[in-house]
Amino acid sequence: MQDLKKLWKIFNQKFTDSGLIKGAFSAPGRVNLIGEHTDYNEGFVLPMAIGKKIIMLGQLRNDRLVQVFDLSYKVGDKFSLDNLSPTKKDSWANYLMGVVDEIQKAGYPLQGANLIFTSNIPQRAGLSSSAALEVVTALTMAKLNLLEIKPVEMAHLCRRAENNFVGVACGIMDQYVSCLGQKNYALFIDCRSNDYDLIPFKDHNYQIVICNSKVQRGLVDSEYNKRKEECKIAAEFFNHKLKREIRALRDVSIDEYKKYQSQLPEVIARRARHIISENDRVQTGAQALRMKNYSTFGQLMIESHKSLKDDYEVSCVELDLLVDLALEQEGVLGARMTGAGFGGCTVNLLRREHVNAFKKTIKQGYKKITGIIPDIYVTPPAEGAKVLEFMK
Ligand code: GLA
């Protein structure tokens with residue numbers, strides 16, 4: 001990525017200096033280690049921020065205009081803080097507009113700003129480039145306007161922007177970890193209470209490796225919403241059956257599931273089994289990570305993938321291939337798809353000394369069958385959103 005000096009040079013070529021506050025900010029993408037599709041079931045997730053991020057430079061303006069330029073795609077846009085509506089279909093500007101809209105709706109006063117940003121997070125790869133864009137926008141606008149918005153509140157604002165403005169009914173995981181991730185820690189999140197626990201994840205012998213299948217199905221959004229609906233049906237069924245309030249599948253135990261599953265339609269039963277068993281895996285996995293029990297953690301990743309593939313049906317042939325190839329390699333403890341699914345990436349846990357051989361063999365094996373050379377990223381847990389420079 002370009003250094004800040006070069007980015008400021010570009011900024012100064014694009015905009016005239018307003019003489020007001022300016023600064024540079026960043027927000028990372030994420031990889032989810034375990035706990036897939038559990039966030040919108042009020043369950044548990046265990047992601048970490050990655051070393052790929054968006055950097056945004058901004059300066060406050062004296063009026064209500066926001067001007068923004070995307071350096072990666074070399075396109076610009078502008079909008080007024082008084083006229084925010086999601087009119088620009090499929091435009092990245094919706095993420096920015098959505099965020100400033102939610103900040104204002106939360107009662108915070110804003111002035112306009114000039115902004116540029118650059119990203120090295122691959123898009124539509126399941127590594128949360130959109131959450132990173134929302135979070136870096138929220139941080140930039142908050143800091144330039146001298147607002148104190150706490151990271152958890154910021155994550156919620158950004159999620160609402162995506163739900164209400166962009167129209168994707170996502171859970172809280174991506175925005176949360178982009179705001180709160182920390183270097184060398186995975187983030188265990190209880191998506192009901194919003195409590196979190198940073199779990200140290202730095203071991204010289206082990207490494208997280210991400211494989212990008214480079215395929216993306218158009219189905220993601222529609223199938224995502226369908227799964228959400230199916231989980232709701234299952235939760236309502238258990239609420240009716242069990243003699244206590246079941247707000248979400250998070251409230252159902254594996255034993256209760258087993259007792260009543262035969263009364264559910266077959267597909268709904270499988271969806272529920274994934275969520276209920278995955279919640280269990282995340283909690284066991286978090287404990288295993290705390291104890292540095294990587295072989296148990298790896299095993300849980302493998303089970304998670306099987307469940308996502310067979311019960312939740314959000315994997316695809318390319319992701320299954322990457323997982324199968326990975327599990328044949330020496331030194332691999334676990335492999336699974338990560339993110340919403342239907343393409344995107346897998347996440348792998350392996351012994352460090354095998355990383356180079358792994359990269360080589362996966363590239364060859366995957367290319368041989370699909371004709372595509374996958375991208376492979378090696379990343380320790382990185383830090384969450386932060387201020388890089390601030391000039392009053
Ligand atoms: C997407 C959503 C998240 C989460 C995952 C699946 O990344 O944005 O909220 O639901 O899918 O675990």
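Values in this document were obtained by computation on a predicted structure and should not be read as measured data.

Caption draft 1: Region of the structure containing the sheet that holds strand β8 (residues 206-216). The antiparallel open sheet is built from 4 strands, whose spatial order is β9-β10-β8-β11. In the strand order of this sheet, the two ends are held by β9 (332-338) and β11 (375-378), each with one partner. Pairwise comparison of adjacent strand axes, ignoring direction, gives a mean angle of 20 degrees for this sheet. Where β8 and strand β10 (residues 343-351) come together, 8 bridges link them in antiparallel fashion. Counterpart to Cys211 in the pairing with β10 is Thr346. Along the sheet, helix α10 (residues 317-327) makes contact with β8, β9 and β10, crossing β9 at roughly 175 degrees. Docked against the sheet, helix α11 (residues 355-370) engages β8, β9, β10 and β11, running at close to 15 degrees with respect to β8.

Caption draft 2: Fine view of the nonpolar core. By size, the foremost hydrophobic cluster in this structure holds 80 residues, and its most contacted members are Val31, Leu33, Leu46, Ile103, Leu133 and Leu349. Looking at which element gives the most residues to this core, the answer is helix α3 (residues 129-144), with 9 residues. Excluding residues within four positions of it along the chain, Ile103 makes contact with Tyr108, Leu110, Ala138, Met141, Leu147, Ile149 and Leu157. With 45 residues, the next largest nonpolar core counts Cys170, Cys231, Leu249 and Tyr260 among its residues.

Calculation rules
Residues numbered from 1 in each chain as written. Predicted model: local features only at pLDDT ≥ 70, side-chain atom pairs only at ≥ 80, totals over all residues. Heavy atoms only, no water. Pairing = 2+ DSSP bridges. Helix = DSSP H or I, 4+ residues; strand = E, 2+ residues; numbered from the N terminus. Axes fitted to C-alpha atoms, helices over the stretch in contact; angles between N-to-C directions. Contact = heavy atoms within 4.5 Å. Core = buried A, V, L, I, M, F, W, Y, C linked by side-chain atoms within 4.5 Å. Buried < 20%, exposed > 50% of the residue type's maximum accessible area, 1.4 Å probe, protein only.

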